Structure formats: C-alpha cells, structure tokens
Amino acid sequence: MSTLEYIIWQILGYSAMPLILLIGFVGVSVFTVWILSLTSDKERS
Amino acid sequence: MKLVSNFWRKLCKPSNAAVGVVIGMGFVGGILFWGAFNTGMEATNSEAFCASCHEPIVNEIKETIHYSNRSGVRAICSDCHVPHNWADKIVRKVQASKEVFAFVMGNISTEEKFYARRKHLALREWQRMKENDSQECRNCHDFDFMDFSEQGQRSVKQHSTALASGEKTCVDCHKGIAHQLPDMSDVPGWQ
C-alpha cells in the first residue's frame, strides 16, 4: 500500500467510528418516534 | 423532504409519555442497535462469508496445520486477517470495502486471475503483519509461553535469537503458513 493510500484508508477507517455512533443514534430516534407516534403522543395539539 | 421535516417536528415535540418510558425506549433501542451491529460484525468474520469470494483459498487451507491438527484448535480466516481490538477491527473492515469494489471489478474473479494477482496481495498482507508485529499470530501464539524445551532445535535456534530480540516477526520467517506461496523470486530471504 502506498503512503497516500494508507493515509486515506486510515482517515476513512477512523471517521467510520463516530459515523456508526451517529447512525445508531438516528436509527434509534427514528424507531422511538415511530413507536411514540403509534400512540396519541405525537398528535398535533 | 416532507418526511424529514415531519420527523424533525415530532422529534422536537416534547413527549407526553413518562420520562421513564422514553428513556426506556432509548435504552432498548440502543441495545437492539448494538446487537444488530455486533451480529453484522460477527457474520462478516465467518469463514463462510470469506469463502463467498475466496473459494480457492478455502480449499487450500484444509491441508494445513491451522485447519486440522492433533489439538483440534482451528484458526479461521478472521483469526489471522482481522484484528481483534475494536478500533483496528473497524478500520480493517472499512478498508475491506475496497475488496468489495475489487470484487465488482473482477480482480480475482477466476482462479487464473487470482494466481496472477496473488503475489501482490501476499506482499500487502506481509507488510500489514510486519507493521503490527504479527499481532494476529500472537493472539494465539504467545512468545512468553513458548517452551523452548518442547520445540525442535531449528525452532529454538531462530526463536531464541531473531524473534526474542524483536529483530524479526513471525511472518518474516513463517510465510505461507496457511496458504500456498506465490512465486517467491525476489522476496528477500527466499531463493
């Protein structure tokens, strides 16, 4: 692997971690809001 | 777009549900996500998964000591090729997305193409293991617990000198331990 390739993959690899956490957060929030909207909770008031 | 703004509005609107319920849902959701993520990581570490693209290699390995031996301990692909430590593992997995791309490009789509490209790939793997001091081997083979009185003379001679001093690492000497070697001309130390 050339140094440039190495640097690129290292950056991509490490930036994947916060991305995974973020996607997890968004995923869970979508799921939770969906569940809550099944009840009357999220109705326009 | 409407969907997103709709979602955002709902997300920002305080819930009428008890705080405990909301926290509980976040908690359960977190566990589900974690579980799904881990399952995905496990599945992409299995031999069956690697075999879907590396068929010739899987056939070769059945002849070697890491497939079948008197102790019945097996090393599978990921034991040697995927780091165990979480951060390194993620980095390697992300790098492996390049393999998917190479697969689509058909880099090793036939056995001939694979054998032609093999040396290049082997050199990359040796380089990787040199850089991490053969960490994957050491996960199972711990130098500190090698009993020289149990090893053959040839082993002791090398292990107690070049290996002990840190001058060489496992793959410097143990090449082709799990696979057939590529063409070894002009690899340092090999005829």
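A brief report on the enclosed structure follows. Because the structure is predicted, anything quoted here is derived from the model rather than measured.

Assigned secondary structure in chain B consists of 11 helices and zero strands. The globule rule puts the C-alpha radius of gyration for 191 residues at 16 Å, and the 23 Å found for chain B is more than 25% above it. With respect to the principal axes defined by its C-alpha atoms, chain B has extents near 75 × 40 × 30 Å. A burial count over chain B gives 26% of its 191 residues as buried. Element-wise, carbon and sulfur atoms account for 61% of the exposed surface of chain B, whose accessible area totals about 13100 Å².

In this section: helix H1 (residues 3-38) of chain A. In this model H1(A) runs 52 Å from its N-terminal to its C-terminal C-alpha over 36 residues, within 8% of the 52 Å that 1.5 Å per residue would give. The sharpest bend along H1(A) comes to roughly 25 degrees, located at Met17(A), with the proline Pro18(A) sitting one to four residues further on. Trp9(A), Gly13(A), Ala16(A), Met17(A), Ile20(A), Gly24(A), Val28(A), Ser29(A), Thr32(A), Val33(A) and Leu36(A) are the residues of H1(A) that are buried. Against helix H1 (2-12), helix H2 (19-43), helix H6 (86-95) and helix H7 (97-104) of chain B lie the buried residues of H1(A).

Let's shift gears to the pattern of salt bridges. Residue and element names in this part refer to chain B. In the structure shown here, the tally under the stated rule is seven salt bridges over all chains. Between Arg92 and Glu99 there is a salt bridge; the shortest N-O distance is 3.1 Å. Judged by its relative accessible area of 39%, Glu99 is partly exposed. A salt bridge links Asp172 to Lys130; the shortest N-O distance between them is 2.5 Å.

As a further point, take the side chain of Lys175(B). Residue and element names in this part refer to chain B. Within the fold, Lys175 resides in the segment after helix H11 (170-173). No salt bridge is formed by the buried Lys175; the nearest opposite charge belongs to Asp172, separated by 4.7 Å. Within the structure, Lys175 has its side chain in polar contact with the backbone oxygen of Asp172 (distance 3.3 Å). When near neighbours in sequence (up to four residues on either side) are disregarded, Lys175 contacts Trp126, Leu181, Met184, Val187 and Trp190.

Interface extent is often summarised as the accessible area lost during association of the parts. Taken residue by residue, the interface counts 25 residues in chain A and 25 residues in chain B. Taken together, the two surfaces of chain A and chain B that pack against each other cover about 2200 Å², and 73% of this comes from carbon and sulfur. Applying the counting criterion to the chain A and chain B interface returns zero residue pairs in polar contact (both at pLDDT 80 or more).

What follows is about the nonpolar core. By size, the foremost hydrophobic cluster in this structure holds eight residues: Ala16(A), Met17(A), Ile20(A), Phe37(B), Met41(B), Ile90(B), Val91(B) and Val94(B). Elements supplying a minimum of two residues to this core: H1 of chain A together with H2 and H6 of chain B. Aside from chain neighbours lying at most four places away, what touches Val91(B) is Gln10(A), Gly13(A), Tyr14(A) and Met17(A).

This paragraph deals with the packing of H1(A) against H2(B). H2(B) packs onto H1(A) with a crossing angle of 130 degrees between their chain directions and a minimal axis gap of 9 Å. Regarding the angle of H1(A) to H2(B), the classification is oblique. Relative to H2(B), H1(A) is oriented so that their crossing is right-handed. Across from Ile20(A), Gly24(A), Val28(A), Thr32(A), Ile35(A) and Leu36(A) in H1(A), the residues of H2(B) making contact are Met25(B), Gly26(B), Gly29(B), Gly30(B), Phe33(B) and Phe37(B). Here the residues of the contact of H1(A) with H2(B) sort into seven nonpolar, five polar and no charged.

Definitions and cut-offs
- Residues numbered from 1 in each chain as written.
- Chains lettered and ligands numbered in written order.
- Predicted model: local features only at pLDDT ≥ 70, side-chain atom pairs only at ≥ 80, totals over all residues.
- Heavy atoms only, no water.
- Helix = DSSP H or I, 4+ residues; strand = E, 2+ residues; numbered from the N terminus.
- Rg over C-alpha atoms; globule rule 2.2 N^0.38 Å.
- Buried < 20%, exposed > 50% of the residue type's maximum accessible area, 1.4 Å probe, protein only.
- Areas by Shrake-Rupley, 256 points an atom, 1.4 Å probe, with all protein chains shown as cover.
- Expected span 1.5 Å × (residues − 1).
- Bend = angle between axes of the 7 residues up to and from the residue.
- Contact = heavy atoms within 4.5 Å.
- Salt bridge = Lys/Arg side-chain N within 4 Å of Asp/Glu carboxyl O.
- Lys, Arg positive; Asp, Glu negative; His and termini not counted.
- Polar contact = N/O pair within 3.5 Å; in protein donor to acceptor, adjacent residues only side chain to side chain.
- Buried area = accessible area lost by both parts, 1.4 Å probe.
- Core = buried A, V, L, I, M, F, W, Y, C linked by side-chain atoms within 4.5 Å.
- Axes fitted to C-alpha atoms, helices over the stretch in contact; angles between N-to-C directions.
- Parallel < 35°, antiparallel > 145°, perpendicular 65-115°, else oblique.
- Left-handed = near helix turned anticlockwise from the far one by under 90°.
- Nonpolar A, V, L, I, M, F, W, Y, C, P; charged D, E, K, R; others polar.

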